[in-house]
Structures are given as structure tokens and as C-alpha cells.
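Structural overview for review
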Amino acid sequence: MDALDQITTTLALSMGLAWASGINLYATLFTLGYLANTGNIDLPPDLQIVANPMVMGAAGLMYCVEFFADKTPGIDTGWDAIHTFIRIPAGAMLAAGAIGDLNPAVELAAAIMGGSLAAGSHATKAGSRVMINASPEPFSNWVASISEDVAVITGVWACINHPVLFLIALAGFIVLMTWLLPKIWVGVKRVFGFILNLFRADNPATDQSPPQ
């Protein structure tokens, strides 16, 4: 039974950090470092670096930047686009680091699964933000961003303190994500198509036939 509990705890931590990194990497790192420094978790050797004050300071600073960028329509989409190349690799690294020194094959498998999960949560967040930005008011952005922050902090805490419940919730998220992503993709294409049509309408030269 102890072995099963250990596997459940490790799996929840590995996949939980990957999922959270795809939404807000800096909040994930800062929360994990805080929980480690307050004695709420004993980090695996490969993750102990996140409890370093310098790492926590950098993560906290970047979280403050993201806090405002993520709540500004348009800027949040640009921020998400840049972080496609940051959140996904970081999610894979955190997932592998949470496994500990078990086996190189297990670590690689965790990295593959973690990177895929981080990519999925990132795509869901970024795609939904593009659609939210189609609305003229900023309040929906603020609500979405704050909800994401709360979900990440709560999720990191839950994957450590209640791994079984977290894994059940994560399974539900994966099912929802699988159903939602194709619909989000269709909506994103419509939004960008509308924007392109606006640019074409503002440029009369595009409506003129080339000279004979």
C-alpha cells in the first residue's frame, strides 16, 4: 500500500506541475518554492533548486510582470505566443524532475507526458484568450486571468496535499480539454479571419484589379 501511495503522490506532483506550468509557469515555480521553504513538501533532488531564494525571486518578479500583461487584451495573446517556447519545455523538465532518481527511462517518459500535458493546458489557455479578446470589454480578461492564477496555485497545493483528488480532477480536465480544443481552434481561426478581413477592407489597393 505504501508503494501505491508513493506512486500516486509522485504521479500527481509530476503531472500537476506540468499542467500548471502550461497555464502560468512563474506562479507554479513560486508556489512550489514557497511550499518547500515552509516545510509543506520535501522536494526531489532535481527540484530542490526551485526553493533557492534567487530562483524564487526571479519567479516572483516574472509573475508580477505576467500578472499585468495577462490581464491586458491583446498583450496577453502576445505574451502567450512567446511563452509557447518557455512553458512547454519547462513543464517537461518539472515533470521529469518530480520523478526523482528512479530510472532514466521513467524520467524520459515523465518528460514526454509532462510536455504534452503542458502543451495542452497552454493551448487551451492561449486559444480561449484569443476568443475572449474578441469582446470589447476588459473585464472578461481580468476574470479569466485571476481564475487561472487561482487554479494554478490551488492545483499545485492540491497535487501535493491531496494527490488522489487532484488526479481525478486532472482526468476530468483532460477529457474537457480534448472536447474543447477543436472548438477553440475553430473559434481562433474565425477571429483571425475577421481581423484579416478588417485589414483588407482598410487597404483599398487590395480591392483593385491589377493594371492590364
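In what follows, the structure referred to is the one given above.
First things first, this report covers the structure right here in the doc. Because the structure is predicted, anything quoted here is derived from the model rather than measured.

Criteria and thresholds
- Residues numbered from 1 in each chain as written.
- Predicted model: local features only at pLDDT ≥ 70, side-chain atom pairs only at ≥ 80, totals over all residues.
- Heavy atoms only, no water.
- Helix = DSSP H or I, 4+ residues; strand = E, 2+ residues; numbered from the N terminus.
- Expected span 1.5 Å × (residues − 1).
- Polar contact = N/O pair within 3.5 Å; in protein donor to acceptor, adjacent residues only side chain to side chain.
- Axes fitted to C-alpha atoms, helices over the stretch in contact; angles between N-to-C directions.
- Parallel < 35°, antiparallel > 145°, perpendicular 65-115°, else oblique.
- Contact = heavy atoms within 4.5 Å.
- Core = buried A, V, L, I, M, F, W, Y, C linked by side-chain atoms within 4.5 Å.
- Buried < 20%, exposed > 50% of the residue type's maximum accessible area, 1.4 Å probe, protein only.

Bringing helix α5 (residues 104-132) into the picture now. Counted at 1.5 Å a residue, the expected span for α5 with its 29 residues is 42 Å, and the 41 Å between its end C-alpha atoms agrees. Structurally, the start of α5 carries an N-cap: the backbone nitrogen of A105 is 2.7 Å from a side-chain oxygen of N103.

Following both chains from N to C, one finds helix α3 (residues 53-69) and helix α4 (residues 75-99) inclined at 140°, their axes separated by 9 Å at the closest point. By the angle between their directions, the pair α3 and α4 is classed as oblique. Between α3 and α4, the residues in contact are M62, V65, E66 and A69 and I75, D76, W79, H83 and R87, respectively.

What follows concerns the nonpolar core. Counting 36 residues, the largest nonpolar core has L17, L32, I41, L43 and I160 as its most contacted members. At the level of elements, α1 (2-23), α2 (25-37), α3, α4, α6 (139-161) and α7 (163-202) are the ones that each hand at least two residues to this core. Among the elements that line this core, the one with the most residues is α1, at eight residues. Those residues in contact with I41, other than ones at most four positions away along the chain, are L13, L32, L35, A36 and I160.

Bear in mind that shape data such as this cannot, by itself, settle questions of function.
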